[in-house]
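Chains, contacts and geometry: an overview
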Amino acid sequence: MKNIAIFASGSGSNAERIYDYFQGDSEVNISMILCNNPEAGVIARAERLNIPLVMFDRAALKSGEVVRILQENDTDWVILAGFLWLIPKNMVEAFPNKIVNIHPALLPKFGGKGMYGHFVHEAVVANKETESGITIHFVNEHYDEGNIIFQASYPVLPTDSPEDVAKKGQVLEHEYFPKVIEELIK
Ligand code: GRF
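The notes below deal with the structure included here. Once a new chain begins, its residue numbering starts again from 1 and follows that chain's sequence as written. Reporting of local features is limited, given that this is a predicted model, to residues whose pLDDT is at least 70; pairs of side-chain atoms are given and counted only at 80 or more, and all residues count toward the totals for whole chains, interfaces and linings. For the side-chain quantities, the full set of heavy atoms in the structure was used; hydrogens and water were omitted.

1. Considerations on the pairing of strand β5 (residues 99-103)
- Of all five residues in β5, five are buried; the element is thus mostly enclosed.
- Here's how the labels work: a residue is buried when its accessible area is under 20% of the maximum for its type, exposed when over 50%, partly exposed in between, all with a 1.4 Å probe on protein chains only. Put simply, DSSP H or I for four residues or longer makes a helix, DSSP E for two residues or longer makes a strand, and each gets a number counted from the N terminus. Residues of β5 alternate between two faces, with I99, N101 and H103 on one and V100 and I102 on the opposite face, all of them buried.
- Inspection of the sheet shows strand β4 (residues 77-80) paired to β5 by three bridges, in the parallel sense. Bridge assignment links I79 to a residue of β5, and that residue is V100.
- Viewed along the sheet, the connection from β4 through helix α5 (residues 89-94) into β5 turns out right-handed.
- The criterion for strand pairing is that DSSP finds at least two bridges linking the strands in question. Bridging between β5 and strand β6 (residues 131-138) involves four bridges; their strand directions are antiparallel. For V100, the partnering residue across the bridge sits in β6 and is F138. Here, the term right-handed applies to a crossover whose path from the first strand over the helix to the second runs clockwise when the strands point away from the viewer.

Written out as structure tokens, the structure reads:
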């Protein structure tokens, strides 16, 4: 059995999608959701789905307290599904090549500090890109710079708003993120 801990700061639609995908899989357990944002939609999802939820602050992440919680719960993989803080060195070192992030653009384009959520899609439209996509990658100590595992793209039309682009990306995220995780961990 592989234990997956999911980190999320926002709505948590990817977290729920991943949970649903592995329901009934005897080899994979979504063991907990970790969240830094008391306003996040993922909190209600975790409660509804009965997934243990851990709330933490920046100090706990930096001090290694979060790593201790992950280790105490026999975590094998860490999945960042819309998690907005930088992962500190202590966590990267505790889980080498076992932390995976999804980014809503075709890295290395539109990545880095401050490039998240609607900022990404606004930049894609402002730049008149003709395509965007999703990137699933390993996590290191720098925002959006770890080795790329998987990318998928979609066309951006001249008439697309940032919201249109976001919707296209979310369809791909929900389709591919669970599958890519499955291939990695099995
Ligand atoms: C996704 O677009 C993901 O790529 C980005 O944050 C968003 C999270 O959405 N990093 P949700 O919270 O899973 O709905």
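Picking up after the structure, the text goes on.
2. What about the nonpolar core?
- Throughout, nonpolar core names a set of buried Ala, Val, Leu, Ile, Met, Phe, Trp, Tyr and Cys residues whose side chains join them through atoms within 4.5 Å. Ranked by size, the top nonpolar core spans 39 residues in total, and within it I4, I6 and F177 carry the most contacts.
- Every residue pair with non-hydrogen atoms within 4.5 Å of one another is taken to be in contact. Excluding residues that lie within four positions of it along the chain, I6 makes contacts with A15, I18, I30, M32, I33, L34, I79 and A81.
- By size, the runner-up hydrophobic cluster in this structure holds 22 residues, among which are V54, F56, V78 and F83.

3. Concerning the sheet that holds strand β3 (residues 53-55)
- With mixed pairing, the seven strands of this open sheet are ordered in space as β3-β2-β1-β4-β5-β6-β7. Because the sheet does not close on itself, it has two edges, and the strands there are β3 and β7 (148-155). The mean inter-strand angle of the sheet, taken between neighbouring strand axes irrespective of direction, is 20°. For helices, the fitted line uses only the C-alpha atoms of the stretch in contact; every axis is such a line through C-alpha atoms, and the angle between N-to-C directions lies from 0 to 180 degrees.

4. Quick look at the site of the ligand
- The ligand sits among G10, S11, G12, S13, N14, G82, I102, H103, P104 and E173.
- The backbone of G12 places a nitrogen or oxygen atom 2.7 Å from an oxygen atom of the ligand.
- Whenever two N or O atoms come within 3.5 Å, that pair is a polar contact, provided that in protein one can donate a hydrogen and the other can accept it, and provided that, for residues adjacent in sequence, both atoms are side-chain atoms. The contact in question runs from a nitrogen atom of the ligand to an N or O atom on the backbone of I102, over 3.2 Å.
- Using a 1.4 Å probe, accessible areas were evaluated by the Shrake-Rupley method; residue-level cover was limited to the displayed protein chains. For the ligand, whose accessible area on its own is 370 Å², the fraction buried by protein is 82%. A single heavy atom is enough: if one lies within 4 Å of a molecule or strand, its residue is considered near that molecule or strand.

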